[in-house]
Amino acid sequence: MIAMKKKAWKIIGVYFKADEETRQGFRDIMLEKYLDESMNDVEEALALMSFRYSIALREEAYEECAIMKDIFDYFEYNPE
(Lines give C-alpha, C1' and ligand atoms only; values in the text may rest on other atoms or scores of the structure.)
Protein backbone atom coordinates (compact mmCIF):
# COMPACT_ATOMS: atom_id res chain seq x y z
CA MET A 1 0.00 0.00 0.00
CA ILE A 2 1.07 3.51 -0.65
CA ALA A 3 1.28 5.92 2.26
CA MET A 4 1.69 9.65 1.88
CA LYS A 5 1.05 12.78 3.88
CA LYS A 6 -1.59 15.19 2.70
CA LYS A 7 -2.74 18.14 4.81
CA ALA A 8 -1.39 16.68 8.07
CA TRP A 9 -3.01 13.24 7.83
CA LYS A 10 -1.96 9.97 6.27
CA ILE A 11 -3.78 8.57 3.31
CA ILE A 12 -3.64 4.86 2.54
CA GLY A 13 -5.79 2.93 0.09
CA VAL A 14 -7.03 1.80 -3.28
CA TYR A 15 -8.39 5.21 -4.30
CA PHE A 16 -4.85 6.57 -4.57
CA LYS A 17 -3.51 3.73 -6.68
CA ALA A 18 -6.44 3.68 -9.12
CA ASP A 19 -6.50 5.35 -12.51
CA GLU A 20 -8.49 8.56 -13.04
CA GLU A 21 -11.50 6.76 -14.50
CA THR A 22 -11.79 4.55 -11.43
CA ARG A 23 -11.37 7.51 -9.07
CA GLN A 24 -14.12 9.34 -10.98
CA GLY A 25 -16.34 6.31 -10.45
CA PHE A 26 -15.74 6.49 -6.69
CA ARG A 27 -16.60 10.21 -6.69
CA ASP A 28 -19.75 9.66 -8.77
CA ILE A 29 -21.01 6.93 -6.43
CA MET A 30 -20.43 9.04 -3.33
CA LEU A 31 -21.94 12.19 -4.83
CA GLU A 32 -24.99 10.23 -6.01
CA LYS A 33 -25.51 8.89 -2.49
CA TYR A 34 -25.56 12.37 -0.99
CA LEU A 35 -27.65 13.81 -3.82
CA ASP A 36 -30.25 11.08 -3.24
CA GLU A 37 -30.36 11.94 0.48
CA SER A 38 -30.80 15.64 -0.30
CA MET A 39 -33.41 15.23 -3.04
CA ASN A 40 -30.93 16.43 -5.72
CA ASP A 41 -30.10 19.70 -3.93
CA VAL A 42 -26.36 20.12 -4.52
CA GLU A 43 -25.81 22.65 -1.71
CA GLU A 44 -27.58 20.41 0.80
CA ALA A 45 -25.66 17.37 -0.48
CA LEU A 46 -22.37 19.20 0.05
CA ALA A 47 -23.47 20.27 3.55
CA LEU A 48 -24.36 16.67 4.44
CA MET A 49 -21.07 15.51 3.00
CA SER A 50 -19.25 18.17 5.03
CA PHE A 51 -20.81 16.83 8.23
CA ARG A 52 -19.80 13.28 7.31
CA TYR A 53 -16.31 14.54 6.39
CA SER A 54 -15.76 15.83 9.94
CA ILE A 55 -16.78 12.43 11.33
CA ALA A 56 -14.64 10.54 8.81
CA LEU A 57 -11.60 12.58 9.82
CA ARG A 58 -12.05 11.55 13.45
CA GLU A 59 -12.57 7.92 12.41
CA GLU A 60 -9.44 8.10 10.23
CA ALA A 61 -11.42 6.97 7.17
CA TYR A 62 -8.77 8.31 4.84
CA GLU A 63 -10.13 7.09 1.52
CA GLU A 64 -13.58 8.43 2.28
CA CYS A 65 -12.07 11.79 3.29
CA ALA A 66 -10.00 11.97 0.12
CA ILE A 67 -12.97 11.21 -2.12
CA MET A 68 -15.04 13.88 -0.39
CA LYS A 69 -12.15 16.35 -0.55
CA ASP A 70 -11.90 15.83 -4.31
CA ILE A 71 -15.65 16.47 -4.63
CA PHE A 72 -15.35 19.61 -2.50
CA ASP A 73 -12.49 20.81 -4.71
CA TYR A 74 -14.53 20.19 -7.86
CA PHE A 75 -17.41 22.30 -6.53
CA GLU A 76 -15.04 24.83 -4.93
CA TYR A 77 -16.75 24.15 -1.62
CA ASN A 78 -15.08 24.74 1.75
CA PRO A 79 -16.30 22.10 4.24
CA GLU A 80 -15.42 24.27 7.26
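So, here's what we can say about the structure. (Residues numbered from 1 in each chain as written. Predicted model: local features only at pLDDT ≥ 70, side-chain atom pairs only at ≥ 80, totals over all residues. Heavy atoms only, no water.)

### Some thoughts on the side chain of Ser38
In plain terms, the rule: Under the DSSP-based scheme used, a helix requires at least four consecutive residues in state H or I and a strand at least two consecutive residues in state E, with every element numbered from the N terminus. When accessible area is computed with a 1.4 Å probe and restricted to protein chains, residues below 20% of their type maximum are described as buried, those above 50% as exposed, and intermediate ones as partly exposed. In what follows, residue pairs with any heavy atoms lying within 4.5 Å of each other are defined as contacts.
Inspection of the secondary structure puts Ser38 in the loop between helix H1 (20–37) and helix H2 (42–59). Its relative accessible area of 2% is what places Ser38 among the buried residues. Apart from residues lying up to four places away in sequence, Ser38 is in contact with Glu44, Ala45 and Leu48.

### Let's talk about the pattern of salt bridges
Applied cut-off: When a carboxyl oxygen of Asp or Glu is within 4 Å of a side-chain nitrogen of Lys or Arg, the pair counts as a salt bridge.
The full count for this structure, using the stated rule, is 6 salt bridges. Among the ionic pairs, Glu64 bridges to Arg52, the shortest N-O distance being 2.8 Å. Of this pair, Glu64 sits in helix H3 (residues 62–75) while Arg52 sits in helix H2, and the two are 12 residues apart along the sequence. One continuous salt-bridge network, built from bridges that share partners, spans Glu20, Arg23, Arg27 and Asp70.

### Remarks on the packing of H1 against H3
Put simply, the rule is: All axes here are fitted lines through C-alpha atoms, helices being fitted over the stretch that makes contact, and every angle between N-to-C directions spans 0 to 180 degrees. For classification, angles of less than 35 degrees are called roughly parallel, those exceeding 145 degrees roughly antiparallel, those between 65 and 115 degrees roughly perpendicular, and all remaining angles oblique. Residues were grouped as follows: Ala, Val, Leu, Ile, Met, Phe, Trp, Tyr, Cys and Pro as nonpolar; Asp, Glu, Lys and Arg as charged; and all remaining residues, including Gly, as polar.
Axis separation between H1 and H3 bottoms out at 10 Å; the angle between their running directions is 80°. When the axes of H1 and H3 are compared, the pair comes out roughly perpendicular. Judged by residue contacts, Phe26, Arg27, Met30, Leu31 and Tyr34 of H1 engage Glu64, Ile67, Met68, Asp70, Ile71 and Phe75 from H3. Split by residue class, the contact of H1 with H3 holds 8 nonpolar, no polar and 3 charged.

### Quick look at the packing of aromatic side chains
Stated formally: Think of it this way: a Phe, Tyr or Trp ring, Trp meaning its six-membered ring, pairs with another when their centres are within 6.5 Å, and the plane angle makes it stacked under 30 degrees, edge-to-face over 60, tilted otherwise.
Enumeration according to the criterion identifies 5 aromatic pairs in this entry. Measuring from ring centre to ring centre gives 5.7 Å for Tyr15 and Phe26, while their planes differ by 80°; the resulting arrangement is edge-to-face. One end of the pair, Tyr15, is in the loop between strand E2 (9–12) and H1; the other, Phe26, is in helix H1, with 11 residues separating them in the sequence. By relative accessible area, Phe26 is classed as partly exposed at 31%. Relative to Phe72, the ring of Tyr53 lies with its centre 5.5 Å away and its plane at 80°, an arrangement referred to as edge-to-face. Of the two residues, Tyr53 is situated in helix H2 and Phe72 in helix H3; the sequence distance between them amounts to 19 residues. For Tyr53, a relative accessible area of 11% puts it in the buried group. Members of the aromatic cluster, each reached through a chain of ring pairs, are Tyr15, Phe16 and Phe26.

Structural measurements only, silent on function.
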